[in-house]
Amino acid sequence: MVGKPADAGAVLEAHDLCLRFGAVEALKSVSLRVMPRQIHAVIGPNGAGKSSLLNCLSGFYRPQSGAVRFMGEDISTLAPHRRAGLGISRTFQGIQTYPSMTARENILSGFHNRMKGGLFRALLYWGPARKEEEAFAARAEDIIEFLELEQERHHPVGDMSYGMRKRVDLGRALALDPRILIMDEPMAGMSPEEKGDLARFVLDIRDGLDIPIVLVEHDMEVVMDISDRVTVIDFGQVIASGTPDEVRANPAVIAAYLGGEAA
Ligand SMILES: Nc1ncnc2c1ncn2[C@@H]1O[C@H](COP(=O)(O)OP(=O)(O)OP(=O)(O)O)[C@@H](O)[C@H]1O
Ligand SMILES: [Mg+2]
């Protein structure tokens, strides 16, 4: 089933993914290789299959055929929480934070997936679970500092601007101590200033934390500015992949976008 051998060096790899929803072919033989230290953008018109691809990578959707590999290992059959446990972390389209909880509490909720102490021990607040919790609290502070959320630390997320809530959501995703971060339209609905801030954090995550990023984003200026690689999907198919400059000059890409706008 798994055809070609694993691609040396790729952190996360989609190989020949096909995904159908009844008559809708959301993904038609889509392949993608995310390399270390790269921001890999996935772009394409509405309904092209971008979120479907991310859902296949994180395990929320099961493609009918094809393989997903992480650090060379086939993870195609692993459930989402198992993939998260390996360090595949994601943010979703829209808002996923808990509005009544503070920024810090939301970030702490991201550690839940990594808790090794188990519920019983956590309830008793004994040795290992307590140590783990202390470590998480310290790590949450690192994330708060990294994302410049010090002022918002104790504010309920529901009172925050959209941009700030998305930043808290990013903090929650970072709490998993990811080895790769998958982001679905993190900048949708943001002001230009908020987009600029988030772009800076995404670059810092790549350069400072050494975490590669798969980024679905509609803002072409941001994509072309910060991405190392761009894969373009249209009607469930990869129509181009390369550097931002290569992709920008690709006639198929230009046609797909002009067609999308005219529709
Ligand atoms: N759970 C689902 N059930 C049925 N059809 C789905 C499901 N998820 C996606 N699709 C369909 O698959 C196709 C691709 O959708 P997808 O959400 O992946 O597109 P997208 O590129 O993320 O679009 P957008 O830019 O609007 O977010 C669409 O035709 C969509 O209706
Ligand atoms: Mg989408």
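These notes cover the structure that comes with them.

Definitions and limits used
Residues numbered from 1 in each chain as written. Chains lettered and ligands numbered in written order. Predicted model: local features only at pLDDT ≥ 70, side-chain atom pairs only at ≥ 80, totals over all residues. Heavy atoms only, no water. Pairing = 2+ DSSP bridges. Helix = DSSP H or I, 4+ residues; strand = E, 2+ residues; numbered from the N terminus. Axes fitted to C-alpha atoms, helices over the stretch in contact; angles between N-to-C directions. Salt bridge = Lys/Arg side-chain N within 4 Å of Asp/Glu carboxyl O. Patch = residues over 30% accessible without salt bridge, like charges linked within 9 Å, V, L, I, M, F, W, Y side chains within 5 Å. Areas by Shrake-Rupley, 256 points an atom, 1.4 Å probe, with all protein chains shown as cover. Buried < 20%, exposed > 50% of the residue type's maximum accessible area, 1.4 Å probe, protein only.

Let's talk about the sheet that holds strand β8 (residues 213-216)
Alright, step 1. Strand order in this open sheet of six strands is β6-β7-β8-β3-β9-β10, and the pairing throughout is mixed. Looking at which strands have only one partner, the edges of the open sheet turn out to be β6 (88-91) and β10 (237-242). Averaged over all neighbouring strand pairs, the angle between strand axes comes to 15°, with direction disregarded.
Alright, step 2. Relative to β8, strand β7 (residues 180-184) runs parallel, the two being bridged by four bridges.

Examining the pattern of salt bridges
Alright, step 1. In the structure shown here, the tally under the stated rule is 13 salt bridges.
Alright, step 2. Of the charged contacts, one joins R167 and D197 as a salt bridge, the two residues approaching to 3.5 Å between their closest N and O atoms. You can see R167 sitting in helix α6 (residues 162-174) and its partner D197 sitting in helix α7 (residues 192-208), a full 30 residues away along the chain.
Alright, step 3. Between R200 and D197 there is a salt bridge whose closest N-O contact spans 3.5 Å.

Let's talk about a nonpolar patch on the surface
Alright, step 1. Taken together, the side chains of F21, V24, F60 and Y61 present a nonpolar region at the surface, about 370 Å² in accessible area.
Alright, step 2. Looking at the element boundaries, F21 is found in strand β1 (residues 12-21).
Alright, step 3. The class for F21 is partly exposed, based on a relative accessible area of 39%.

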